[in-house]
Amino acid sequence: MHVGCLKRVWGGFGCRGINRFMEDRMDLGDELVDEEGAEALAWLGKHSQADAGGAYAMVAAGVTLMQDCIDGKERPIDIEVARHGTEGCEDTIRDVIREFEQVHNVEVLHAAECGSRMFGWGSQDSDFDIKLVYKHPLERYISIKARDLPSRLSYVCWGNLTTATPLDITIIGWDVHQFLELVQDSNPTAIECLYSPVVWKGTPFAQLREVLPPHVSLLKYIQSRMSIVQATALRHLELQLNPKRAKKSKSKGTERQPPTHIKPKEYIIMLRSVVEIAIVLEGKTPFPPPMEIHQLWALYTATHEVPADITEWVTSFLETKNSLSKYHPSNMLVERSVPVEDFIFTKYKDLFADLGDCDGADDAENSLKSSLFRKPLPHKYLNTLLRSIVMGTDP
C-alpha cells in the first residue's frame, strides 16, 4: 500500500492519533510497503471494533476503499452523477440542512454546493461542501445582545464511506448580515455561493444575483484567483510565484528539494484559476464566468489556441476524476508534468505582467487595474434587502 496515500487519507480526517501512528511506525516517505500497509489496516481494524462508528471506523473504511481501488475493485460510477453528485442524494442533504437549522436555531435562506462537485471535478465519493446563508429569529436581532450573534456557523455530517454513495457533508454558514457584507466586498467565496449551479435550497437573492455583477470589484476577484495559484504552487510544488516573497525566500536560504509528485487535482485548481482570470480580463463573457470546469474550459478553448497535449491532459483528468474513486491511485499522487506546469505558469506570468504588481499597492496608475475597479453595491440597497429578509417582508 502507498504510504503517502495513507497519510493523505488519514490526515484528511484530522485524527491526531492516527497521524502519530504514521509518524512513529510508518515514516517511510512514498515507498510501496505492503507489509506495513497490512499492519496499519490490521491496527485500524482492531481499534474500529472498539470504537464502532467512531473516527477509527471511518478512517478504516476509507483506507479499505482506497485499497480496493488499488487492487482494481473500483465501484461503477456514473460520470454525470460524479460531476454534481445530486442523484439520489437530495433528500438526505436537505435533511442535514434541516438538522443544521434545528441545532443552531436558525432558518436557512440559501444553500448551495461550493466544492469540487460544483467545479465539476468531483468523484462520486467526494465530500459535499455546502455553503449556506441563514438568519436568526427576529427577536435576536433586536436584542441588546444582538452583537453577540455568531456570524458564522458550521456543521459536519459523516456518512458511511463503504457505501456506493457516501454522504460526507460539511456545512459552513453565514448570518445574512455577514453574507451581504461579504458580497458587497466582492468576496469570491460568497460570490461562488450566490452563483453556484447546484442549489439545495431556494434563495431570496434572485434580484441580488441580477444587480450584483456591475458592482463586483474585478481586480479583487482576480487577485484572489491569483492567490490561489500562488498558494497551491507554494504548498504542493514549493514554487514561490510572488516576486517579492521569492526574493525574501532566497535571502533566507530556505531552498529545499522540490517534490517529484503532485495530486492532479492541484493542477486543475491552478489551471482553472488562470483560465478564469483570462476570461474575466477579456470582458466578453457576463460575470461571473461558468463555475463548472467543463463549461469554463470549453469557453476558453473556443477563442484560444491550446496545445494538443494540454487539451488531452484536461480531458483525461476530468474523465478519470469523475469516473473513479477519489482514493484511486490516479487521483492521488502522480509524477509532475512539465507541459502542464509550463502552460499554467506561463499563462500566470503573462497575466501577472498585464496586471502589474498583484498586491495592487505600487502601481496605482496601471490603466488596466483602474478599469477593473467597480463601485460596490449601495448601502441603502443592501440595508433594505437585509431588513426585508430579517423581518420577512417584501423588499
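Remember, it's a predicted structure, so these values are computed and weren't measured experimentally.

Engineer: Now, about the overall build of the protein chain: what can you tell me, with residues and values included?
Structural biologist: Within the protein chain, the secondary structure is distributed over 19 helices and seven strands. Each of the 395 residues in the protein chain was classed as buried or not, and the buried ones make up 48%. Here the analysis covers contacts within the protein chain between residues at least 6 apart in sequence; of these, 70% occur between residues at least 24 apart. Carbon together with sulfur atoms contributes 50% to the accessible area of the protein chain, which is approximately 19500 Å² in total.

Engineer: So what's going on with helix 9 (residues 176-184)? Which residues, and what values?
Structural biologist: Every buried residue of helix 9 is listed here: Val176, Phe179, Leu180, Leu182, Val183 and Gln184. A side-chain oxygen of the first residue of helix 9 lies 2.9 Å from the backbone nitrogen of His177; this N-cap is Asp175. Immediately downstream of helix 9, the backbone of Ser186 shows phi near 60°, a positive value.

Engineer: Summarise the pattern of salt bridges; cite the residues concerned and give the values.
Structural biologist: Following the criterion strictly, the structure yields nine salt bridges and no others. Residues Arg225 and Glu192 are paired through a salt bridge, measuring 2.9 Å at the closest nitrogen-oxygen approach. Here Arg225 is found in helix 12 (residues 218-237), whereas its partner Glu192 is found in helix 10 (residues 188-195), with 33 residues between them in sequence. For the residue pair Arg225 and Glu192, the accessibility class agrees, reading buried in each case. One salt bridge in this structure joins Glu276 and Arg225, with 2.7 Å as the shortest N-O distance.

Engineer: Let's hear about the packing of aromatic side chains: which residues, and what values?
Structural biologist: Under the defined criterion, the tally for this structure stands at 11 aromatic pairs. Ring geometry for Trp297 and Tyr300: centres 6.0 Å apart, planes at 25°, overall stacked. Here the residue Trp297 and the residue Tyr300 both occupy positions in helix 15 (residues 293-301), the gap between them amounting to three residues, near one helical turn. For the pair shown, Trp297 and Tyr300 are each scored as buried. Its end group placed over the ring of Phe128, Arg117 keeps NZ or CZ at 3.9 Å from the ring centre.

Engineer: Give me the lowdown on the environment of Pro188, citing residues and values where you can.
Structural biologist: Secondary-structure assignment places Pro188 in helix 10. Counting along the chain gives 37 residues from Pro188 to Arg225, while the straight-line C-alpha distance between them is 8.5 Å. Each residue touching Pro188, except ones within four places of it in the same chain, is listed here: Tyr221, Ser224 and Arg225.

Engineer: Tell me what's going on with the packing of helix 9 against helix 19 (residues 379-391), and back it up with residues and numbers.
Structural biologist: Where helix 9 contacts helix 19, the axes come no closer than 10 Å and their chain directions differ by 155°. What the angle tells us is that helix 9 and helix 19 run roughly antiparallel. Seen along the crossing, helix 9 lies across helix 19 with a hand that is right-handed. Of the residues in helix 19, those touching helix 9 at Val176, His177, Leu180 and Gln184 are His379, Leu382, Leu385, Leu386, Ile389 and Val390. Taken together, the residues that form the contact of helix 9 with helix 19 break down as seven nonpolar, three polar and no charged.

Engineer: Please set out the nonpolar core residue by residue, giving values where relevant.
Structural biologist: Ranked by size, the top nonpolar core spans 69 residues in total, and within it Val176, Phe179, Leu180, Phe205, Ile268, Leu271 and Trp297 carry the most contacts. Ranked by residues supplied to this core, first place goes to helix 14 (residues 264-282) with 11 residues. Setting aside its immediate chain neighbours within four residues, Leu180 contacts Phe205, Leu208, Leu382, Leu385 and Leu386.

Engineer: Quick one: what's the story with helix 16 (residues 308-323), residue by residue and with numbers?
Structural biologist: Taking 1.5 Å of rise per residue, 16 residues should cover 22 Å, and helix 16 covers 22 Å from first to last C-alpha, within 8% of that figure. The set of residues buried in helix 16 consists of Ile310, Trp313, Val314, Phe317, Leu318, Lys321 and Asn322. Around the axis of helix 16, the buried residues are gathered within 145° of arc, so they sit on the same side. Among the exposed residues of helix 16, those oriented more than 90 degrees off its buried face are Ala308 and Glu312.

Engineer: An account of a nonpolar patch on the surface is needed here, citing residue identities and associated values.
Structural biologist: Together, Leu138, Ile142 and Met391 make up an exposed nonpolar region whose accessible area comes to about 320 Å². Its location among the elements puts Leu138 in helix 8 (residues 138-141).

Engineer: Can you break down the environment of Cys114 residue by residue, with the values?
Structural biologist: Relative to the elements of secondary structure, Cys114 occurs in the loop between strand 1 (107-113) and helix 7 (116-119). Cys114 gets classed as buried once you look at its relative accessible area, which sits at 6%. Linking Cys114 and Pro197, residues 83 residues apart in sequence, is a C-alpha distance of 9.1 Å. Residues in contact with Cys114, not counting those within four places in the same chain, are Phe119, Asp129, Lys131, Glu192 and Cys193.

Engineer: Any details on the side chain of Glu101? Residues and values, ideally.
Structural biologist: Structurally, Glu101 can be placed in helix 6 (residues 90-104). At 3.2 Å, the side chain of Glu101 and the side chain of Lys201 are in polar contact. Ignoring sequence-local partners within four residues, the contact set of Glu101 consists of Val106, Glu107, Val108 and Lys201.

Engineer: Break down the side chain of Lys321 for me, with residues and values.
Structural biologist: Its place among the elements puts Lys321 in helix 16. Not counting chain neighbours up to four residues away, the residues in contact with Lys321 comprise Trp121, Gly122, Ser123, Ser126, Lys265 and Asn331.

Engineer: Describe the pairing of strand 1, with residues and values.
Structural biologist: Taking burial as the measure, the seven residues of strand 1 include six buried ones, the bulk of the element. The pairing of strand 1 with strand 2 (residues 128-135) spans six bridges and is antiparallel. Paired with Glu113 across the strands is Ile130, a residue of strand 2. Sheet topology note: the strand 1/strand 5 (residues 199-201) ladder contains two bridges and is antiparallel. Following the sheet pairing, Ala112 is matched in strand 5 by Val199.

What counts and what doesn't
Residues numbered from 1 in each chain as written. Predicted model: local features only at pLDDT ≥ 70, side-chain atom pairs only at ≥ 80, totals over all residues. Heavy atoms only, no water. Helix = DSSP H or I, 4+ residues; strand = E, 2+ residues; numbered from the N terminus. Buried < 20%, exposed > 50% of the residue type's maximum accessible area, 1.4 Å probe, protein only. Contact = heavy atoms within 4.5 Å. Areas by Shrake-Rupley, 256 points an atom, 1.4 Å probe, with all protein chains shown as cover. Polar contact = N/O pair within 3.5 Å; in protein donor to acceptor, adjacent residues only side chain to side chain. Salt bridge = Lys/Arg side-chain N within 4 Å of Asp/Glu carboxyl O. Phe/Tyr/Trp six-rings, centres within 6.5 Å; stacked < 30°, edge-to-face > 60°. Lys NZ or Arg CZ within 6 Å of the ring centre and 35° of its normal. Axes fitted to C-alpha atoms, helices over the stretch in contact; angles between N-to-C directions. Parallel < 35°, antiparallel > 145°, perpendicular 65-115°, else oblique. Left-handed = near helix turned anticlockwise from the far one by under 90°. Nonpolar A, V, L, I, M, F, W, Y, C, P; charged D, E, K, R; others polar. Core = buried A, V, L, I, M, F, W, Y, C linked by side-chain atoms within 4.5 Å. Expected span 1.5 Å × (residues − 1). Arc of directions from axis to C-beta. Patch = residues over 30% accessible without salt bridge, like charges linked within 9 Å, V, L, I, M, F, W, Y side chains within 5 Å. Pairing = 2+ DSSP bridges.

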